[in-house]
Amino acid sequence: MRSSPWLLLLGLWGCAAGQASARGEASGLPDFELSDTDGSPVRLSDYAGKDVIYLDFWASWCGPCQLELPQLQALYQKYGPKGFVVLAVSMDDPTTVGAVAPVARKNGLTFPVLLDSQSRAGALYNSGHAAPYGVLIGRDGRVIEQHGGYTPGDERRIEALVVAALARR
Amino acid sequence: MRRAPLLCALLIAPGSAAAFQTELSGKPLTVDLTETADVSYHVDNGVVAPQFLPGSTAQTPLFNPNWDPTSDNYVDWLNRFDAQLSWGPWHAELRFDSAVFANTPTVPQSYAICVNGLTGPCENRNLALMLENRYIDNFELEKISLNYLGDHLDATLGDFYLSYGRGLVISLLKLDALGVDTTLRGADVTFHWGGFTANAAAGVTNIVNTDEATGEVAPDPEDRVVAARLEWRQPRIVTIGIDGAGFFQNPQTALLSPWEPGAPTQSVPLGWLALGSVQGEPFPPGAGPPALTSTGNFSATIDFPHVWDFGKLYAELAHQVQAEYTANPLGGGASQQSTQGNALLVSADAFLGPATLLVEFKDYQNYIYPLQSSLSSVTYPAFWQQNVYNNPPELEEIFQEEDPSYTTYGPRVRLDWKLSDRVSPFASAALFQNDTAGWDYTITDGYLGVDANWQDHRSHAVVSAGRRLEIMNRLSPTPGDPYQHEWWVQYDAVQVLGATYSLELEGLHRRFDYDALLGHPWSWGYSYLSLKRSAWTVTLGYEYTTQDPAEWRSANPNAGVAWTISDHYTVRAFGGGREAGLRCINGVCRVFPGFTGGSVELAARY
């Protein structure tokens, strides 16, 4: 009978899974839910299939990330009204997560900044745990590009890809 | 956080969209495969101490206890294969690891006697013991999980990471730069209902069994962990939570301690579905492990993300109960000792126009952290140090070495002032008192710096310098005298060169004017210069230490290249030396051996 709690758990899981209406299916993208710095839950499926999404994995202790964030903010201001969104996924663990909101404020970020200390989004889209690491997703749910690291000038390539993705309806 | 900026810039990151996508029963099915292979030739581990002391002869050898050939002249091939499959709300993932070693060091004949007894010219018994758990080929299904994410339910069977609050209660994480990747293997269920979230998790701890830095291997601790958290949130206003976790060390793992060199051994698999194994040395029948602990951590958290739009406030209050069972090594009864502790962590940000003020305060009273796994610190030193189960914020600069401290308290304040869109100076001051085990240890720490950018944020520089004074009355020659006095400067600057190139210089220099432990001043640091183009990074580095020139190589030049060959392939090559020393990432620290040699890493994604 040692396995009975596991069987019970599996059964509950199966029942709940059968009743819950799953999200994230429309786009075909693996979905995740994280809290933003305001404590609001945010899911990838809130944007997938509607917007062009740039998932930016970053951390408060990562120098190149600090360089990239203002560039992403500029792109978001320019193309946000046309359907482009940046989801900045912080990889900070509990010891440094307190620095996330001040860094976001310092860089004037207005797009959602999400907290992923348990690597829930990271396991899906950044298994190499690189920072910064960008994933550009089209409106059709297809991953257009994934790119690790940041070198000044990368923002021009990202902008060209965003413009092309926005042009595809 | 030594070298973290460079590491994060160079981390292998395969190029653009490569996942395979099709349809199954009308739903998209995505398959994502990533393969990473790393081949390294280790010339040595930076130890320059000779095998024999001056005056040694063939007839009367004088062994140098600092001589260490355990990492010399061998090759390793470490391979990692990740496969992910997503279908609607379902997501499955597995990771298969392999480690193969060639030309590995063996115990020199002159030291063989150390294995069989303590007689004879044996100066370093640990040398033989260290090699017992190194360089063992292993092929293993390292991680496997199945996740379902619905509207109200998020459930995982298999391996998962888990942390609550700021890590006081539980923090099982992945920190690649330290070789840490600890998961719970079991079940993790989270329900969301309105503003409520309830999480429950249970399982056994699962580590990555081969330590890349040392070639050391260890079995999974399989310590039992149960945890639960209940949270209520009103977005933008408040999040309140209570949580708890129980940790129960696995007696079978704790038994794997060296009892007597050369004692009968038993084969212990390195993990679930692993082809590799170590030779454990269980205690004789009737004798228990030296100590086993069971720990319960509980906390309440409150988080105000906006305090009248002027800032934010976070507070966590934790309580800990720990029972330690100590067995009589010769058999017979065991004794039990219980301890209790409390911890308070408060963090507040104030946003006052151009100024951001961060105030943090910790008060940990006999609160034991980090909680270690049941792996023996003697048998598995590389793993014991890194595989920890909770890890609260120290509020220190994360490159600072921290002694395990259970009773410590004090504030840290940091002010950032945005003078313009281009220039932001900052300053920080901290004062901590550590009374663990009667240390009477006072730390004062402060630094000043400036963060500047130009060319529309494309060029950037952060420079800071600080001073740290430690007075440990228990160990200082005279109460009130310094125990350690340190100056440091840290820099990271990027200059754009034209449209496609950039130059980065980053480094850290630490100068210990006074060190009561070593008895002489010393310096430690590194500097890296990188030329970057979008697909290319070429780096020249120099690492140095004068801590102990008789034992460690003082100067370690190196060079590296990272190249994104195509959308599917990335390669990184490194040659030269890295110094030994403590490396800290996000507050978790471990001592790395030095490395001199070359390595090539190839990552492919399909």
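Coordinates for the structure precede this section.
Within any chain, residue numbers begin from 1 and follow the written order of that chain's sequence. Whichever chain is written first is A, and whichever ligand is written first is 1; the rest continue in order. Where totals are concerned, whole chains, interfaces and linings use all residues; where local detail is concerned, this predicted model gives features only for residues with pLDDT of at least 70, and gives and counts side-chain atom pairs only at 80 or more. Based on all heavy atoms of the structure, the side-chain values leave hydrogens and waters out of the count.

Things to note about the overall build of chain A
Which entries qualify depends on this criterion: For helices the rule is a DSSP run of H or I covering at least 4 residues; for strands it is a run of E covering at least 2, with both sets numbered from the N terminus onward. For every residue, the accessible area obtained with a 1.4 Å probe (protein chains only) is divided by the maximum for its type, and the residue is called buried under 20%, exposed over 50%, and partly exposed between those limits. Should any heavy atoms of two residues lie within 4.5 Å, those residues are counted as being in contact. Per-residue and other accessible areas were derived by the Shrake-Rupley procedure at a 1.4 Å probe size, with only the shown protein chains allowed to occlude residues.
Counting secondary structure elements, chain A contains five helices and seven strands. The secondary structure elements of chain A, listed N-terminal to C-terminal, are α-β-β-β-α-β-α-β-α-β-β-α. Counting only residues that meet the buried cut, chain A has 67% of its 169 residues in that class. When contacts within chain A are restricted to residue pairs at least 6 apart in sequence, long-range pairs at least 24 apart make up 67% of them. Of the roughly 6,000 Å² that chain A leaves accessible, carbon and sulfur atoms contribute 57%.

As for the interface of chain A and chain B
Short version of the rule: Put simply, buried area is how much 1.4 Å-probe accessible surface two parts lose in total, over both of them, once they are put together. Salt bridges, as used here, are contacts in which a Lys or Arg side-chain nitrogen is within 4 Å of a carboxyl oxygen on Asp or Glu. Two N or O atoms count as a polar contact when they lie within 3.5 Å, although within protein this holds only if one can serve as hydrogen donor and the other as acceptor, and sequence-adjacent residues are included solely when both atoms are side-chain atoms. Charged residues are taken to be Asp, Glu, Lys and Arg, nonpolar residues to be Ala, Val, Leu, Ile, Met, Phe, Trp, Tyr, Cys and Pro, and polar residues to be all remaining types, Gly included.
Counting residues at the interface gives 70 residues for chain A, matched by 87 residues for chain B. Carbon and sulfur atoms supply 53% of the area that chain A and chain B bury against each other, a total of about 6,400 Å² over both sides. At the boundary of chain A and chain B, one finds five salt bridges. Linking chain A with chain B are 19 residue pairs in polar contact (both at pLDDT 80 or more). Of all the secondary-structure elements, those providing two or more residues to the side of chain A that touches chain B are helix H1 (4–19), strand S1 (33–36), strand S2 (41–43), helix H2 (63–79), helix H3 (100–106), helix H4 (120–125), strand S7 (143–148) and helix H5 (154–167) of chain A. Residues of the side of chain A that touches chain B, tallied by class, amount to 30 nonpolar, 24 polar and 16 charged.

Concerning empty space enclosed by the protein
The condition is simple: Two kinds of site are reported from a 1 Å grid over the protein atoms alone, namely cavities, where a 1.4 Å probe fits but cannot get out, and pockets, open sets with protein on both sides within 12 Å along at least five of seven lines, and residues are called lining when an atom falls within 4 Å of a point. Grid points are joined across faces, edges and corners, and a volume is the space filled by probe spheres set on the points.
Applying the stated criterion across every chain yields a total of nine cavities of 30 Å³ or more. Considering only enclosed or pocket space, the largest cavity measures out at about 550 Å³ in volume. As for the largest cavity, its lining consists of 32 residues, of which A:Ser119, A:Ala123, B:Glu93, B:Ser145 and B:Tyr161 are closest to the centre. Every element with two or more residues in the lining of the largest cavity is listed here: H4 of chain A together with strand S3 (74–87), strand S4 (90–102), strand S5 (138–149), strand S6 (153–160) and strand S11 (183–193) of chain B.

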